[in-house]
Amino acid sequence: MGVTELTDLIRCTNTRVQIRDQTSFSYQEVKLRRSLTLRGEMEQKAVQLDRETFSCSICLDLLKDPVATPCGHSYCKNCIKDHWDTEDEKGIHSCPQCRKSFTPRPELLKNTMLAVLVEELKKTGLQAAPADLCYAGPEDVACDVCTGRKLRAVKSCLFCLMSFCEKHLQPHLESPAYGKHKLVEPSEKLQENICSRHDEVMKMFCRTDQQCICYLCSVDEHKGHDTVSAAAERTERQRELEGSRHNIQQRIQDREEDVKLLQQEVEAINGSADKAVEHSEKIFTQLIRLMEERRSDVKQQVRSQQETERRSDVKQQVRSQQETEVSRVKELQEKLEQEITELNRKDAELKKLSHTEDHNQFLHNYPSLSALSESTHSSSIKIRPLKYFEDVTAAVSELRDKLQDVLRETWTNISLTVTQVDVLLSNPQPEPETRADFLRYSHEITLDPNTAHTQLLLSEGNRKVTRVSKQQSYSSHPDRFTDKYQVLSRESLTGRCYWEVERRGDVDVAVAYKNIRRAGNSQECGFGKNDKSWMLYCDTNCYNFCHNKVRTRVSGPRSSRVGVYLDHSAGILSFYSVSDTMTLLHRVQTTFTQPLYAGVWLEPNTTAEFSKLK
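Residues numbered from 1 in each chain as written. Predicted model: local features only at pLDDT ≥ 70, side-chain atom pairs only at ≥ 80, totals over all residues. Heavy atoms only, no water.

## Some remarks on the nonpolar core
The nonpolar side chains of a soluble globular protein tend to be buried, and buried together. Defined as follows: Here, nonpolar core refers to any group of buried Ala, Val, Leu, Ile, Met, Phe, Trp, Tyr and Cys residues whose side-chain atoms link them within 4.5 Å. Between buried and exposed lies partly exposed: a residue is buried under 20% and exposed over 50% of the maximum accessible area for its type, with that area taken using a 1.4 Å probe on protein chains only. It only takes one pair of heavy atoms within 4.5 Å for two residues to be counted as in contact.
With 35 residues, the main nonpolar core has Val465, Trp499, Trp534, Leu536, Leu573 and Val600 as its most contacted residues. Beyond its immediate sequence surroundings of up to four residues, leucine 573 is in contact with Val511, Trp534, Val564, Tyr565, Leu566, His586, Arg587, Val588 and Phe592. The next biggest cluster of nonpolar side chains, apart from the first, holds 30 residues, and it includes Leu241, Val266, Ile269 and Leu343.

Structure follows, in structure tokens:
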């Protein structure tokens, strides 16, 4: 008989053969007898033998002091002794391989022939079980049968409530006695399937109390409750889970379509703005060329300067509105993308849960994963027509036509007094006097949620702000004031602008550059405490103006409404008390180097609202 035939014979585990004297031997003893007659051949080809054949199935090392159990399996003497020591309390001792039980505890006898064979095999270089066996790591489920260094479990049995490596799982796969046992993916939570009150497997579910229970619970503290089998409840919840996943996937598709529409809107806004600016540039170039054709050098200089200013104003307004619209769309697009990310995470969790084979674990985890967050309603996504700035182009074209008519008809009546012209050009336009004059420059202000402190609540289309005690669920943003109870406008302010703030309580009305510091509680962040902001403090008793840490007491009539006038190019900033009349409180004359943003700071339980002006 060759080594190959011997190896095949060795691998026929759990078999017994009859020798001529009709004596029963275990398969290890058969291998011993065959091995003694083939010792010479085995010494030459020992590396071809299956190392696991002569290994203890408990410690997975070569057998040491091998002993045999009554069922014919052999183990290291210490391994099987330690295993049975743990079973002494039960009074029943079992074989780790075939699970056969013995009462009382059997006496272990040394398998002399197998011991001799193992010693001979050690001389051939066969030392240990395969080095590539999969041992259990910190994150793995370990085999409950292995002793010493444990192998990684490949299955868990919900009937035995134990986990098995590939070797110790074989009886479950081969013996009909385990036919009704349910094998699942390895789990560390098997003991959670045992009722702590009755020490029974929980195979039922109480719908009244929404928890897994055992049979004894159903006739004890859960008597009269609506109870079903855990498998039946799992089936129903599984249908709900699939429905939730379907809804999530549909919402993901809807949000992705919304994101595409918003991206199209951004592209349309930018394209329309670029086209409006380009068209306006051409028109103003035509106007300048037309004025350059006139004979008077003074008239050319005056008109050229005026039209250059008009062109700059139009361009700034278009770009400012472009920035506002793109920011609005980008904010909504970011919110939708965050929702898509959250929905994908939720779908992955539900998919993983749907594949859980353990009904109890499924029912335990289902409630915490089934609820969906509120969706961004599609009605909030308003895609506008793609003609964003065509009204600007039309207005500039109309200006060109009117100015051409004026130049043709009245240019001969323009004064040629250069001194007078220079004086007129060097002085800014006079500040409005009546409220009607101010309203000609009215500018609608909306507040930017990305700048608001988390205890500021925005409402009325982001025109009204209230300081509250509860933290608002704003997303993290680098533009947000982290310690100062402040908020800035979404719109940048250039040219001539006028707006009014209706306040209730002590409020700071301010303007600031965009690069004012946002994070922290230093003076660099506070309105009026640095060279990047100007602030009028309004309380019930007095007014105070503050810029760059310099505070100036201001007198004037008390009013709940404050008007702010800005002439950016002239460097004028004025604050007014608005009631039946307008009273100037404080005027600033300076040079503004950047666009400004309107802002407010609030005391606790106060509100400020940027009024809609007609």
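Having put the structure on the table, let's press on.
## Looking at the sheet that holds strand E4 (residues 74-76)
The test is simple: Paired strands, as defined in this entry, are two strands with at least two bridges between them according to DSSP. Note on conventions: DSSP H or I runs of at least 4 residues are helices, E runs of at least 2 residues are strands, and numbering of each starts at the N terminus.
Taking strand neighbours across the sheet as the criterion, the 3 strands line up as E4-E3-E7 in an open arrangement whose pairing is antiparallel. Among the strands making up the open sheet, the edge pair consists of E4 and strand E7 (109-110). Examined bridge by bridge, strand E3 (residues 66-68) and E7 share 2 bridges and lie antiparallel to one another. Residue pairing for E7: valine 67 is matched across the bridge by lysine 110.

## Section: the packing of aromatic side chains
Put simply, the rule reads: Note on aromatic contacts: the rings of Phe and Tyr and the six-membered ring of Trp form a pair at centre separations within 6.5 Å, being stacked when their planes are under 30 degrees apart, edge-to-face when over 60 apart, and tilted otherwise. Working rule: Lys NZ or Arg CZ, within 6 Å of ring centre, within 35 degrees of ring normal, means a charge sits over the ring.
Under the definition given, this model contains 9 aromatic pairs. Through pairs of rings, three or more aromatic residues link up here, namely Phe438, Tyr441, Tyr498, Tyr565 and Tyr576. Positioned over the ring face of tyrosine 485 is arginine 467, at 3.4 Å from the centre of the ring. One cation-aromatic arrangement involves arginine 518 over phenylalanine 481; the distance from NZ or CZ to the ring centre is 5.2 Å.

## A few points about the sheet that holds strand E20 (residues 543-547)
Note the threshold: In this analysis an axis means a line fitted to C-alpha atoms, helices contributing only their contacting stretch, and an angle means the value between N-to-C directions, from 0 to 180 degrees.
The sheet built from 6 strands is open, its strands ordered E16-E25-E18-E19-E20-E21 with antiparallel pairing. Only two strands of the sheet have a single neighbouring strand rather than two, namely strand E16 (486-488) and strand E21 (550-554). The mean inter-strand angle of the sheet, taken between neighbouring strand axes irrespective of direction, is 20°. In this sheet, strand E25 (residues 596-602) lies alongside E16 in antiparallel orientation, the contact comprising 3 bridges. Note that in E25 the partner of glutamine 486 across the bridge is tryptophan 601.

## Observations regarding the pattern of salt bridges
Where we set the bar: Throughout this description, the term salt bridge denotes a Lys or Arg side-chain nitrogen within 4 Å of a carboxyl oxygen of Asp or Glu.
Taken as a whole, this structure holds 26 salt bridges when the rule is applied. Between glutamate 323 and lysine 514 there is a salt bridge, with the nearest N and O atoms lying 3.5 Å from each other. Placement of glutamate 323 in helix H9 (residues 297-354) and of lysine 514 in the loop between strand E18 (507-513) and strand E19 (533-538) is noted, with a sequence separation of 191 residues between them. Assessed through its relative accessible area of 37%, glutamate 323 is described here as partly exposed. When salt bridges that share partners are traced, they join Lys81, Asp85, Asp88 and Arg105 into one network.

## Details of the confidence of the model for the protein
When pLDDT drops low, the exact placement of atoms in the prediction is not to be read closely. Applicable threshold: Confidence of the predictor at the level of single residues is captured by pLDDT, which takes values from 0 to 100.
Mean pLDDT over the protein works out to 79, with 77% of the residues at or above the 70 mark. Element-level pLDDT for the protein is lowest in strand E1 (residues 17-18), with a mean of 34, against a maximum mean of 97 in E16. Low pLDDT, under 50, characterises residues 36-50; the stretch is placed with 19 contacts to residues that sit more than four places away or in other chains. Note on residues 411-427: pLDDT is under 50 here. Beyond four places in sequence and across chains, it has 14 contacts.

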